Amino acid sequence: MARRRRGNRRTSVIEDLLDLPWQFSVGLGFAVLVFLKGVFPAIAGGNMFMQPMAAAASGLAWLFSGAFFLIAAIVFIKGKVSKGKSPATEPATRTSAPRQKPRQEPAYSAPASEKPADHNTRPDILDKLLSESQTTPSTTKPKPTEWTLDVIRDLEWKRFEDVCQQFYEKKGIRSDTTDLGPDGGIDIRLYQDDSGRPTSIVQCKAWAERYVGVKPIRELLGVMTHEKIGKAFFMTSGSYSDEAKAVAQANRITLIDGNMLLMMIQRLPAPERESLLAFAVDGDYEIPTCPSCGIKMVARQGANGKADFWGCQNYPRCRQKLGKRRGHTPEANLADKRRGS
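Residues numbered from 1 in each chain as written. Predicted model: local features only at pLDDT ≥ 70, side-chain atom pairs only at ≥ 80, totals over all residues. Heavy atoms only, no water.

(A) Region of the structure containing helix α8 (residues 214-227). Here α8 spans 20 Å end to end across 14 residues, near enough to the 20 Å set by a 1.5 Å rise per residue. Listed in full, the buried residues belonging to α8 are Val214, Pro216, Ile217, Leu220, Val223 and Met224. Close packing links the buried residues of α8 with β3 (200-205), β4 (211-212), β5 (232-236), β6 (239-240), α9 (242-249) and β7 (253-256). Of the residues flanking the end of α8, it is lysine 228, one or two places downstream, whose phi is positive at about 55 degrees. (Helix = DSSP H or I, 4+ residues; strand = E, 2+ residues; numbered from the N terminus. Expected span 1.5 Å × (residues − 1). Buried < 20%, exposed > 50% of the residue type's maximum accessible area, 1.4 Å probe, protein only. Contact = heavy atoms within 4.5 Å.)

What follows is the structure, encoded as structure tokens:
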């Protein structure tokens, strides 16, 4: 999948200061006050051009430094309030996981309530909160025992990509997937000769029931031209718009939708088919992987409870977010198809 991975949102200076200890903002406030009241006027000296600026800056010194003192006060008060809350309402500290191989969907803004837990929380409560926060739907329902279209559409983006790559391996075609980070429009490379160069490229989209429009197909065509590769495959769990099919047919791009992928998997020998299913539904196969860190994400709720999304466990160090899949009615799918989205 071309990641999906829409880049991390940059934070403002004020947001960064609100994440830092209040003493840091106090120090900045005093530093600004000393500079504007003493250092800058001294530097200006007898310079006729800098003296007016120094005088104006000196007059505004308390305003600028006061802003930092205000931020420090807000952080201090928030810290007091959070310490007064019950530990059971505090968000659990997230632990980092080792970097894995790769990276779907538009991100929402990070909620202000998403702050690391108070380090004074008792270890036993902290462990309980962490285990509860990571409880997923996949732990409450039995694992699938056979391949169905629903199984394919339930796979998160990274597992879907890996299943596609493993399918080619089981067909005897050497392949590899791209690493974490921007993939340049290539998810899988196929090697069908001894040249050492990929003979085909594959793009994957775990879009559940959504239609893939013409735009991703044209982007894949651009990658083919750039890489000087004459053949490509586009694999999705959903379907394709008519315009996407027309562009693909004219440019040696094979479109594989969810139904066709299911049929291809079902034609594998039983042992290969069963081992691929076991690989597909191992662990939390419905929970998306962080495109940046390669670890499982956790369910978050936006400010004022307006939107649910997936957030990285390493927040705030990693601010990667993925939107939760929306259910697609036939009417919504038809609208996607007409838009060519």
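(B) Spatial organisation of the nonpolar core. Residues Trp147, Phe160, Tyr168, Val202, Leu261 and Ile265 are the most contacted members of the largest nonpolar core, which totals 38 residues. When residues of this core are traced back to their parent elements, those giving at least two are α6 (149-154), α7 (157-170), β2 (188-191), β3, β5, α10 (258-266) and α11 (270-280). Among the elements that line this core, the one with the most residues is α7, at six residues. Sequence-distant contacts of tryptophan 147, defined by excluding residues within four places in its chain, comprise Ile152, Val163, Leu262, Ile265, Gln266, Arg273, Leu276, Leu277 and Ala280. Listed in part, the 18 residues of the second largest apolar core include Ile217, Val223, Val247 and Leu255. (Core = buried A, V, L, I, M, F, W, Y, C linked by side-chain atoms within 4.5 Å.)

(C) Representation of the UniProt feature "transmembrane region" (unreviewed entry) in the protein in the model. With numbering matched to this structure, UniProt assigns "transmembrane region" (unreviewed entry) to residues 20-43 and 55-77. Helix makes up 96% of residues 55-77 and strand 0%, whereas the separation of the span's terminal C-alpha atoms amounts to 34 Å. (UniProt positions renumbered as here; feature names shortened; annotations may be inferred.)

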